[in-house]
Amino acid sequence: MKEELVKKAYEVAKERYAAIGVDTEKVLEQMQNFHLSMHCWQADDVAGFENQGGSLTGGIQVNGNYPGKARNIDELRSDILYAKSLIPGTHRLNLHEIYGDFGGKYVDRDQCDVTHFQSWIDWGKANNTLLDFNSTSFSHPKSGDLSLANPDKGIRDFWIEHSKRCRAISEAIGKAQGDPCIMNTWVHDGSKDLTVNRLMYRELLKDSLDQIFAQKYDNMKDCVESKVFGIGLESYTVGSNDFYTSYAAKNNMMITLDTGHFHPTESVADKVSAMLLFVPELMLHVSRPVRWDSDHVTIMDDPTQDLFSEIVRAGALDRVHYGLDYFDGTLNRIGAYVIGSRAAQKCMLRALLEPIATLRKYELDDKKFQRLALLEECKNLPWNAVYDEFCLRNNVPVGEEFITAVEKYEADVTSKRA
Ligand code: RNT
Ligand code: ZN
């Protein structure tokens, strides 16, 4: 019954869109090739498997203790696969170094290598999931306020070694999966209060990065992520937006845009066309900042929609990698994956369904009223019928059906975790 309704609604939507020059079949094809890089760290509140008993540091924070979080690598893998079964399309998984398969041993950050990720490579192959990677500067005795920018050469070298090893791991992953592994470098370095040696820390960070990126690889791609500030590090961030934008542009590297890492009224969408003239590609960390970089679950809000619309309008679909980056421990974590991933897809779908040729023409003809009117009307065209059809074709629950699916996994699996 539901299937019939979805089909009927899609046929009507197809006609509505055809009337404004948009081919929904082509858009559905594009959606099939739109891959998110799901962040592994929503499943366990950014804890990882290092087993060193420390708490989350580095200016980031997870709130909430909703029961049932993944406690080990098997549970995390099972949760991610279940979440993926409720999201249409095929998606990548973004790992952090602390999620290695350490076999119960403590492997320090300057000791990690590809052997700790072999089981992830095998898992990725078995589950049709390409992998991305992140070095981990936080939650470690040597983290402090400064890692790659630490004036203490011993500490700096420790994190340089960690980062180099992470790049080597990413290269091995990329080679094994036959597709470049995107490795993100974000370090929390900053300070809580008035800072007078701003230049010095930035010189140190630049020097550390130069050492880390000196080795060239063919099967991985680097990206660098800036931030406004971290909790407890409010006054100064070494890797600010200006720092990393300049660094990436100068070194022809990819930049990571985390949607929570800018001033609250700053448009991340507007950075797409500006930055892509100077850097080869972009990595996204799609998040939802509520008043600060709170990493709430992504929803279909205006900033997310604007960001995806700008990517499509800039013809940059293939120059962007679509990572998610939120972590909320106050609600069912698998449900959080599904809500955020579907929201990102819906924003992309709406972006692809835009009658862009007409809008561009209105703009060039100085038809301001017509441009605004059509943009407004696009909001209530039946894009949701196209999304339902997308779900149907991918054999995943349509609409709110996924709520009961998440509830079932909670009853059968996560609620049984102590
Ligand atoms: C922190 C950055 C960073 C992390 C992850 C866990 O503000 O956004 O990307 O969220 O690496
Ligand atoms: Zn991020």
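Residues numbered from 1 in each chain as written. Chains lettered and ligands numbered in written order. Predicted model: local features only at pLDDT ≥ 70, side-chain atom pairs only at ≥ 80, totals over all residues. Heavy atoms only, no water.

Chemist: Looking at this structure, how should I read the coordination of the zinc ion (ligand 2)?
Modeler: Each angle at a metal carrying four tetrahedral donors should ideally be 109.5 degrees, and each at a metal carrying six octahedral donors should ideally be 90 or 180 degrees. Bound to the zinc ion (ligand 2) are the protein donor atoms Glu 225 (OE), Asp 258 (OD), His 285 (ND1) and Asp 325 (OD), situated 2.1 to 2.2 Å from the metal. Counting along the primary sequence, the residues that act as donors to the zinc ion (ligand 2) give the motif E-x32-D-x26-H-x39-D. A residue pair is termed long-range when its members are at least 10 positions apart, and Asp 258 in strand β8 (residues 254-258) and Asp 325 in the loop between β12 (320-324) and α10 (333-352) qualify at 67 residues. (Donors = N, O, S within 2.8 Å, 3.2 Å for Na, K, Ca; no water. Helix = DSSP H or I, 4+ residues; strand = E, 2+ residues; numbered from the N terminus.)

Chemist: How should I be thinking about the site of ligand 1 in this particular structure?
Modeler: Around ligand 1 sit Trp 41, Ile 60, His 96, Trp 186, Glu 225, Lys 227, Asp 258, His 261, His 285, Asp 293, Asp 325 and Phe 327, and that is every residue in its neighbourhood. Contact between ligand 1 and Glu 225: an oxygen atom at 2.8 Å from a side-chain N or O atom of the residue. In the model, an oxygen atom of ligand 1 is placed 2.9 Å from a nitrogen or oxygen of the His 261 side chain. Protein burial of ligand 1: of its 310 Å² of free accessible surface, 100% is covered by the chains. Residue composition of the shell around ligand 1, by class: four nonpolar, three polar and five charged. (Near = heavy atom within 4 Å. Polar contact = N/O pair within 3.5 Å; in protein donor to acceptor, adjacent residues only side chain to side chain. Areas by Shrake-Rupley, 256 points an atom, 1.4 Å probe, with all protein chains shown as cover. Nonpolar A, V, L, I, M, F, W, Y, C, P; charged D, E, K, R; others polar.)

Chemist: Where do I start with the pattern of salt bridges in this structure?
Modeler: Between side chains of opposite charge, a pair can form as their charged atoms come close. Within the structure shown, the criterion is met by 29 salt bridges. Salt-bridge contacts for Lys 69 lead to Asp 45; the nearest nitrogen and oxygen are separated by 3.8 Å. One end of the pair, Lys 69, is in the loop between β1 (36-39) and α3 (73-84); the other, Asp 45, is in the loop between β1 and α3, with 24 residues separating them in the sequence. Judged by its relative accessible area of 35%, Lys 69 falls in the partly exposed class. (Salt bridge = Lys/Arg side-chain N within 4 Å of Asp/Glu carboxyl O. Buried < 20%, exposed > 50% of the residue type's maximum accessible area, 1.4 Å probe, protein only.)

Chemist: Teacher, can you tell me more about helix α1 (residues 2-19) here?
Modeler: Since one α-helical turn is 3.6 residues long, residues separated by three or four positions face the same way. Between its terminal C-alpha atoms α1 stretches 26 Å, which fits the 26 Å expected from 18 residues at 1.5 Å a residue. Among all positions in α1, only Val 6, Tyr 10, Ala 13 and Tyr 17 are buried. Taken end-on, α1 shows its buried residues confined to a sector of 70°, consistent with a single buried face. Opposite its buried face, α1 presents the exposed residues Glu 4, Lys 8, Val 12, Glu 15 and Ala 19, each directed more than 90 degrees away. Where the residues of α1 are buried, they touch α2 (24-32) and α13 (383-393). (Expected span 1.5 Å × (residues − 1). Arc of directions from axis to C-beta. Contact = heavy atoms within 4.5 Å.)

Chemist: Quick question: what am I supposed to make of the packing of aromatic side chains here?
Modeler: Think of a pair of aromatic rings as described by two things: how far the centres are apart, and how the planes are tilted against each other in angle. Inspection of the entire model under this criterion finds 15 aromatic pairs. Where Trp 120 meets Trp 123, the ring centres are 5.2 Å apart and the plane angle is 85°; that geometry is what we call edge-to-face. With Trp 120 and Trp 123 both in helix α4 (residues 118-126), this residue pair falls three residues apart, about one helical turn. In this structure, Trp 120 and Trp 123 share a single accessibility class: buried. In textbook terms, an aromatic cluster arises when at least three aromatic residues are bridged by ring pairs, as seen for Phe 213, Phe 243, Tyr 244 and Tyr 247. The aromatic ring of Phe 158 is capped on one face by Lys 142, whose charged end is 4.5 Å from the ring centroid. When the ring centre of Tyr 387 is taken as origin, the NZ or CZ atom of Lys 346, which lies over that ring, is 5.5 Å away. (Phe/Tyr/Trp six-rings, centres within 6.5 Å; stacked < 30°, edge-to-face > 60°. Lys NZ or Arg CZ within 6 Å of the ring centre and 35° of its normal.)

Chemist: Would you explain the environment of Ala 343 in this entry?
Modeler: With respect to the helices and strands, the residue Ala 343 is situated in helix α10. In this structure Ala 343 comes out as buried when scored by relative accessible area, which is 5%. Sequence separation of Ala 343 and Gln 305 is 38 residues, and the distance between their C-alpha atoms is 9.3 Å. Apart from the residues lying within four places of it in its own chain, the contact partners of Ala 343 are Thr 298, Ile 299 and Met 300.

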